[in-house]
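# Structure assessment
Read off the chains here:
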Amino acid sequence: MIKLIKSIYREREMKKALSRFVAKTKRLSFGKECQDFEKKFAEYQERKRCLFFNSGSSANLALVQALLNLGKLKKGDKVGFSAVTWSTNVMPLIQLGLKPVAVDVELETLNVSSETFRETLKKHKLSAFFVTNVLGFCGDIAEIAELCREKDIALLEDNCEALGSVYEGKKLGNFGLASTFSFYIGHHMSTIEGGAVCTDDKKLAEMLAIVRAHGWDRNLQPDEQKKRRSRFKNSDFYSQYTFYDLGYNLRPTEVQGFLGKMQMKLLPEIIKKREKNFQKMAKAIHNRYDLYYPLRFEHMDLVSNFAVPVVCRSKKIKEKLIQKCKGVIEIRPIVGGNMLKQPFYRKYSDDKTSLPSADLIHENGLYFGNNPELTENEIKKIIGVFTSI
Ligand SMILES: Cc1ncc(COP(=O)(O)O)c(C=O)c1O
């Protein structure tokens, strides 16, 4: 069976180093390892600030909460999101009293384009757009960013599925005010569980640190801490337990920080191997236009994904594939499919937008894993199954 997730990249090596670290370290809760990782990740992503979280879902929740705390979003505001995404991209919008508005994607990229976005803007006034870069791909996101600038819409990128992808010479995750990442075990690099928010906005980064830990200021930079304490006329004694704004406890641990630092060293190699696998499998599978709708990614400089999607021409083809893959290749639906079909969304939202592409992806789509430890034989087997129905 070719599993979706094999392991953390170089798992044996990681486990050995981790056990030495755990035996030696004096601190396991959030500390220097996490902070070092944040610096390294911000450098890699070419962003001024990175905040490390205990999951990608937490990063999404914290980002929305931070924007509310700062007054950049207000309860009841409409926030757009990609109709094909993951549950915990949308859930924070509902949980925190915003009005989610689904934006349809394009079938050939699985992502929102400026055209589908424009259609939404004709009907809704959005305060923010939380776009998802689905499975390492993107639409014309530079154009979307321009539209958001023109209309004063805060662009947020859920980049949990696209770490390392590049469009128009820029890494995905660098087109908006802030972007989120996931380091779950099956993702590009792994800290077992983990996530991050990257931004160049100092005030937002400061608020994210407050949201991440109880609403207090302990993880702020010393100069930010000092300013805040003098603004609130707060003594050092009471500052220890002063809670400035709404928060949670979404901190990662030093185990995750240590792993993150180790995985960062391997990230370029991981991305290169996955890209090579993807190009090889896509070339063989995606030109079978008789079986699958064409997938367009030539507009991108680099596609970095952890799974390869296909959208079948018919349900019958999809059913045949499901049968053929049983016990041979692990497959899944294309992320959460059309979010409007998810029970949680139907329960909490009256959004009835018609989403033809998202529907088709939901009904006829599936994906298989692409990880850096796939062997040549496994790649051959996948190509064989996906081209011989
Ligand atoms: C688009 C997207 N956002 C958010 C998440 C949540 O990340 P995590 O599993 O780290 O909570 C995922 C998870 O796969 C995802 O695909």
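Conventions and cut-offs
Residues numbered from 1 in each chain as written. Predicted model: local features only at pLDDT ≥ 70, side-chain atom pairs only at ≥ 80, totals over all residues. Heavy atoms only, no water. Core = buried A, V, L, I, M, F, W, Y, C linked by side-chain atoms within 4.5 Å. Buried < 20%, exposed > 50% of the residue type's maximum accessible area, 1.4 Å probe, protein only. Helix = DSSP H or I, 4+ residues; strand = E, 2+ residues; numbered from the N terminus. Domains from an automatic or database assignment. Contact = heavy atoms within 4.5 Å. Near = heavy atom within 4 Å. Areas by Shrake-Rupley, 256 points an atom, 1.4 Å probe, with all protein chains shown as cover. Nonpolar A, V, L, I, M, F, W, Y, C, P; charged D, E, K, R; others polar. Phe/Tyr/Trp six-rings, centres within 6.5 Å; stacked < 30°, edge-to-face > 60°. Lys NZ or Arg CZ within 6 Å of the ring centre and 35° of its normal.

### Description of the nonpolar core
Phe117, Phe129, Leu135 and Phe386 are the most contacted members of the largest nonpolar core, which has 100 residues in total. A total of eight residues in this core trace back to one element, the largest contributor, which is helix α3 (residues 56-69). Both of domain 1 (11-261) and domain 2 (267-387) provide at least three residues apiece to this core. With sequence-adjacent residues up to four places away left out, Leu135 is seen in contact with Leu110, Glu161, Asn305, Phe306, Ala307, Pro309, Ile334, Val335 and Tyr367.

### Considering the site of the ligand
Looking at the ligand, there are 13 residues lining it, with Gly56, Ser57, Asp158, Glu161 and Ser182 nearest. Alone, the ligand offers 390 Å² of accessible surface; in the complex the protein occludes 91% of this. In terms of residues, the shell around the ligand owes the most to one element, α3, which gives three residues. Grouping the constituent residues of the shell around the ligand by class yields two nonpolar, nine polar and two charged.

### Brief notes about the packing of aromatic side chains
A full pass over the atoms with the stated rule returns 19 aromatic pairs. Relative to Tyr345, the ring of Phe344 has its centre 6.1 Å away and its plane inclined at 85°; by these criteria the two rings are edge-to-face. The two residues Phe344 and Tyr345 agree in class, both being buried. An aromatic cluster is defined as three or more aromatic residues linked by ring pairs; in this entry it consists of Phe37, Phe41, Tyr44, Phe52, Phe181 and Phe183. Lys171 extends its terminal NZ or CZ atom over the ring of Tyr44, reaching a point 4.0 Å from the ring centre.

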